[in-house]
Amino acid sequence: MTTNIKIKTADDVEHIISQSTINKCNIIKVIFEDCDFDENDEALPLSGITSEVFAWVQLYCDHHKNEENPTEEFLKETKYDEIEGVDNEFINGFELYQLFDLIMAANYLDCPGLLNLSCKKVAFMIKGKTPQEIRDTFGIENDLTPEELEQIKKGNEWCDEKPV
């Protein structure tokens, strides 16, 4: 298989991707293996991802080029681990809207390590917060009426009980 292939993002920008990016993004890997792409072919269109977001994906793939894609078992074992090192620096550099774009791209490309990392970041942002704090963090409007809120509170009073 050729090591450098062209893709074209939704904003019509061509990228040359390396073998490490191909290996980390299962969708691209399968397409290139099944369709036998090479450097002389037209660019593969990625209509769901902008150039900026794809550059982030490539950066992640470059940081992890010498690692195997994580297995489901590994992801389950490490889901509560803190984000450290280069991954921490990488993921903390994003604004909230960028983080969600990154999650969408990682999911679209089937890049399990990046999807896990970005979702873990969101999980840590939610951890220990009240529903109102979560709404404030993510800009979610509460669309429940006061009556609906009261009904929910009554139905879940047990949640507020303190252990004896």
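Residues numbered from 1 in each chain as written. Predicted model: local features only at pLDDT ≥ 70, side-chain atom pairs only at ≥ 80, totals over all residues. Heavy atoms only, no water.

Our focus in this paragraph is the environment of Leu117. By the secondary structure assignment, Leu117 is in helix H7 (residues 112–126). In this structure, the C-alpha to C-alpha distance between Leu117 and Asp87, residues 30 residues apart in sequence, is 7.6 Å. Those residues within four positions of Leu117 in sequence are excluded, and the remaining contacts are Tyr60, Ile83, Asp87, Phe90 and Ile91. (Helix = DSSP H or I, 4+ residues; strand = E, 2+ residues; numbered from the N terminus. Contact = heavy atoms within 4.5 Å.)

Here we have 3 strands laid out as an open sheet, ordered S2-S1-S3, and mixed in their pairing. The open sheet has two free edges, formed respectively by strand S2 (14–17) and strand S3 (44–46), since each of these has just one partner strand. Pairwise comparison of adjacent strand axes, ignoring direction, gives a mean angle of 35° for this sheet. Here strand S1 (residues 5–9) pairs with S3 via 3 bridges, running parallel. Residue pairing in the sheet places Lys8 in a bridge with Pro45 of S3. The strands touched by helix H3 (residues 51–63) within the sheet are S1, S2 and S3, with S2 carrying the most contacts at an inclination of about 10°. (Pairing = 2+ DSSP bridges. Axes fitted to C-alpha atoms, helices over the stretch in contact; angles between N-to-C directions.)

Another aspect to go through is helix H6 (residues 96–109). Helix length check: H6 (14 residues) gives 20 Å between terminal C-alpha atoms against 20 Å at 1.5 Å per residue, within 8%. Turning to H6, the residues buried within the fold contact helix H2 (26–35), S3, H3, helix H5 (85–91) and H7. A positive backbone phi angle near 55° is found at Asp110, which sits one or two residues after H6. (Expected span 1.5 Å × (residues − 1).)

Bear in mind that shape data such as this cannot, by itself, settle questions of function.
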